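Remarks on the overall topology
Now for the letters of each chain:
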Amino acid sequence: MGPLVIGMVGLPARGKTFVASQMSRYLAWQGVRAQIFNVGNRRRALFGAKVPHGFFDPSNPNGMASRREAAQATMDEVLAFFADGGEVAFYDATNTTHSRRSWVREVCSQNGIQVAFVELSCDDNDIIERNIRQTKLFSPDYTGVQADEAVADFRRRIDHYSTVYEPLGDGDPAWVRLVDAGRQFILTDPERVIPRRLTDYLANLSAVPRTIWVTRHGQSEFNTSGQLGGDSPLSPAGQRYAHSLGEFFRPRPVSRVWSSTLRRARQTASALGTTHSPRRALDEIDAGVCDGLTYAEIAARRPNEFAARQADKLGYRYPGGESYADVIERLDPMVLDLERTRGPVLLVAHQAIIRSLLGYFLDIPREEIPHVDVPLHTVIALHPHGPGYREERFPLDPRL
Ligand code: F6P
């Protein structure tokens, strides 16, 4: 993919960094070399964190010169990233004027890089106030400053930008506008510069934070014998886990339950007493010719396959089956579905599936995903945390 620069556009406190981080995390999970370049961080490194709101006044020539310097220095980092094989760079600044956006396009076209813009537009005062209080007050710009004073200063900063703000329009060929945190989505991209997977992702982003719950099925008969795959039912211990799961969720209602289509997952999900939807995308990694074997049998009968998987667990594809990279691709539409749901969701799935999903939610480097510890009989809560998630684990009885 790429080389592509996605320039973020919008007044301060509209969630640009938040959405850029989400897009970057999503693309990285899909194996794209993506990175965010934040001009504010560069500005703080060059001129210190504590600049008064007047620094951002467009009629202040010193402030304007310093801000151009920070923009240029950040663009230099972007170019270095592409020289090093980078694919998608999120140029995270306000980029609120035509002239700034023309400059971005000019530099990029001189370097053979395509450009698109993603604008976050929001006039909902509650959302803006929440963004300021939840993020800006914790920025190094306001350490040690009393909250109300910081909010007032930040609002003056927004006012400075508002006087020169020129929303995206005819002069900007490829762009997406997200209005009021997901209420409206506008796409203008006649040249098809923006990858479809990114526009699909943006169109599905929901601004409503909620917990996502995941668990492996209870212990299956194949688990007790160490066999891979198959479609065996729960063992007696697995049935007891299913019961514990039902108890665990009684005081924690979820709005939907998705399981895989495999027997062990459906049996586990049934214990919740609510209807659940079996989804093939959640089925365990397909071990192909190794399905039904134990790891010891694979090592003895197919030593080359065993060694190849150990050498590259992410890329290795079982003959007639799947690799982790395949599983991640298969889960892509599921992640979009999860992003658009609003209430808490519980997924009852399998080891490789949950590892792959955790890779996305917890921003785990792809090579590490196949090795993440996901034990049986453990519920994992994914709580919204900044632009990502943090996990909380609950081992339930019977513990294995
Ligand atoms: O052993 C349980 C299981 O879910 C198998 O069905 C599956 O092949 C395996 O885990 C995936 O884990 P790994 O990728 O570590 O082999």
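Residues numbered from 1 in each chain as written. Predicted model: local features only at pLDDT ≥ 70, side-chain atom pairs only at ≥ 80, totals over all residues.

**Side note on the overall build of the protein chain**
- Within the protein chain, the regular secondary structure consists of 14 helices and 12 strands.
- Pairs at least 24 residues apart make up 70% of the contacts formed inside the protein chain by residues separated by at least 6 positions. (Helix = DSSP H or I, 4+ residues; strand = E, 2+ residues; numbered from the N terminus. Contact = placed C-beta atoms within 7 Å.)

**What about unusual backbone geometry?**
- A cis amide bond, omega 5 degrees, links G2 with the succeeding residue P3.
- Turning to its location among the elements, P3 is positioned in the segment before strand 1 (4–9).
- The step from D397 to P398 runs through a cis peptide bond, and the omega angle for that step is -5 degrees.
- Within the secondary structure, P398 is located in the segment after strand 12 (388–395).

**Description of the sheet that holds strand 5 (residues 175–179)**
- Reading across from one edge, 2-3-1-4-5-6 is the order of the 6 strands in this open sheet, with mixed pairing throughout. The strands lining the two open edges of the sheet, one partner per strand, are strand 2 (34–38) and strand 6 (184–188). For this sheet, the mean angle separating the axes of adjacent strands, direction not counted, is 15 degrees.
- As judged from the 4 bridges shared by strand 1 and strand 3 (residues 88–92), these two strands associate in the parallel manner. If you follow I6 over to strand 3, its bridge partner there is F90.
- Against the sheet, helix 1 (residues 16–29) makes contact with strand 1, strand 2, strand 3 and strand 4 (114–121), and its axis sits at roughly 160 degrees relative to strand 2, the strand it touches most. (Pairing = 2+ DSSP bridges. Axes fitted to C-alpha atoms, helices over the stretch in contact; angles between N-to-C directions.)

**Examining the site of the ligand**
- In the vicinity of the ligand, the contacting residues are L228, G229, E284, I285, A287, H350, Q351, A352 and P370.
- Class assignment for the residues of the shell around the ligand results in 5 nonpolar, 3 polar and 1 charged. (Near = placed C-beta within 6 Å. Nonpolar A, V, L, I, M, F, W, Y, C, P; charged D, E, K, R; others polar.)

**A short note on helix 10 (residues 263–270)**
- Within helix 10, the full set of buried residues consists of R264, A265, T268 and A269. What you see down the axis of helix 10 is that its buried residues fit within an arc of 130 degrees, all on one side. (Buried ≥ 20, exposed ≤ 12 C-beta atoms within 10 Å, placed from the backbone. Arc of directions from axis to C-beta.)

**Quick word on the nonpolar core**
- Residues V5, Y91 and V214 are the most contacted members of the largest nonpolar core, which totals 87 residues.
- Ranked by residues supplied to this core, first place goes to helix 1 with 8 residues.
- Among the domains, domain 1 (4–204) and domain 2 (212–395) are the pair contributing at least three residues each to this core.
- Beyond its immediate chain neighbours, meaning those up to four positions away, Y91 contacts V5, I6, G7, M8, F37, V78 and V104. (Core = buried A, V, L, I, M, F, W, Y, C linked by C-beta atoms within 7 Å. Domains from an automatic or database assignment.)

**So, the domain arrangement of the protein chain**
- Under the domain assignment used here, the protein chain contains domain 1 (4–204) and domain 2 (212–395).
- Here domain 1 and domain 2 have C-alpha centroids that lie 36 Å from each other.
- Opposite the 11 residues of domain 1 that make contact, domain 2 presents 12 residues.
- Counting residues per element, the side of domain 1 that touches domain 2 draws most heavily on helix 1, at 6 residues.
- When grouped by side-chain class, the residues that make up the side of domain 1 that touches domain 2 number 4 nonpolar, 5 polar and 2 charged.

**A short note on the environment of F55**
- Tracing the sequence through the fold places F55 in the loop between helix 2 (39–47) and helix 3 (61–83).
- Of the residues examined, F55 has 17 C-beta atoms within 10 Å and is grouped as partly exposed.
- In this structure the C-alpha to C-alpha distance between F55 and R157, which are 102 residues apart in sequence, comes to 8.5 Å.
- Non-local contacts of F55, meaning those with residues more than four positions away in its chain, are made with N60 and G63.

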